[in-house]
Amino acid sequence: KSAGTTPQERESFARQLSAGYVDAFRHLHPDAMGHYSYWSQRAGNREPNKGLRLDYFICSKGLMMEKNDGNGSDNSGVCVVRDSYMVPDELGSDHCPIVLEIEIKK
């Protein structure tokens, strides 16, 4: 069994998404492949990029949209998510940092 791939973990993650939350990276990069945040050091999987995406930013849908986005949503809040990505070249762990860029409106 690998972390993040058990039926219980997948079901729990699906419940979060069905409750109205959004996986920021997947929302912004729906066709992205080969972007991982974890590689087994024991198996030497980092160099051939055989990994898993175990680290996520789960956001409310309102953070992903601009005000009056045409879908009836009105994000009149003070921030909006601009990007989410991994930093795979940062070494020192079996996980790499993940980034959520948020624009804070004035």
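Preceding block: the structure.
Caption draft 1: Examining the overall build of the protein more closely. Helix and strand counts for the protein stand at two helices and four strands. The helix and strand sequence of the protein, counted from the amino end, reads α-β-α-β-β-β. By residue count, 19% of the 106 residues in the protein fall in the buried class. Pairs at least 24 apart in sequence give 53% of the contacts found in the protein among residues at least 6 apart.

Caption draft 2: Representation of the side chain of Ser 84. Inspection of the secondary structure puts Ser 84 in strand S3 (residues 79-86). From its side chain, Ser 84 meets the backbone oxygen of Val 99 in a polar contact 3.2 Å long. If we skip the residues at most four places from it in the chain, Ser 84 touches Ala 24, Phe 25, Leu 28, His 29, Phe 57, Val 99 and Leu 100.

Caption draft 3: Quick peek at unusual backbone geometry. One non-glycine residue, Asn 49, lies in the positive phi region at around 55°. Topologically, Asn 49 is positioned in the loop between helix H2 (24-28) and strand S2 (58-60).

Caption draft 4: Quick peek at the nonpolar core. Membership of the largest hydrophobic core is limited to five residues, which are Val 22, Ala 24, Cys 59, Met 64 and Val 81. The residues touching Met 64, leaving out its near neighbours within four places in the chain, are Val 22, Ala 24, His 27, Leu 28, Cys 59, Val 80 and Val 81.

Caption draft 5: Highlighting the packing of aromatic side chains. Counted according to the given criterion, the structure contains one aromatic pair. The interplanar angle of 40° and the centroid separation of 4.6 Å between the aromatic rings of Phe 13 and Tyr 56 together place this pair among those described as tilted. With a gap of 43 residues between them, Phe 13 in helix H1 (residues 7-18) and Tyr 56 in the loop between H2 and S2 connect regions that are remote in the sequence. A residue is classified by how much of its surface remains accessible, and Phe 13, at 23% relative accessible area, is partly exposed. With a relative accessible area of 32%, Tyr 56 lands in the partly exposed category.

Caption draft 6: A look at the environment of Ala 24. Looking at the element boundaries, Ala 24 is found in helix H2. The exposure class assigned to Ala 24 is buried, which follows from its relative accessible area of 0%. Put simply, Ala 24 and Lys 61 are 37 residues apart on the chain and 9.1 Å apart in space, counted from C-alpha to C-alpha.

Parameters at a glance
Residues numbered from 1 in each chain as written. Predicted model: local features only at pLDDT ≥ 70, side-chain atom pairs only at ≥ 80, totals over all residues. Heavy atoms only, no water. Helix = DSSP H or I, 4+ residues; strand = E, 2+ residues; numbered from the N terminus. Buried < 20%, exposed > 50% of the residue type's maximum accessible area, 1.4 Å probe, protein only. Contact = heavy atoms within 4.5 Å. Polar contact = N/O pair within 3.5 Å; in protein donor to acceptor, adjacent residues only side chain to side chain. Core = buried A, V, L, I, M, F, W, Y, C linked by side-chain atoms within 4.5 Å. Phe/Tyr/Trp six-rings, centres within 6.5 Å; stacked < 30°, edge-to-face > 60°.

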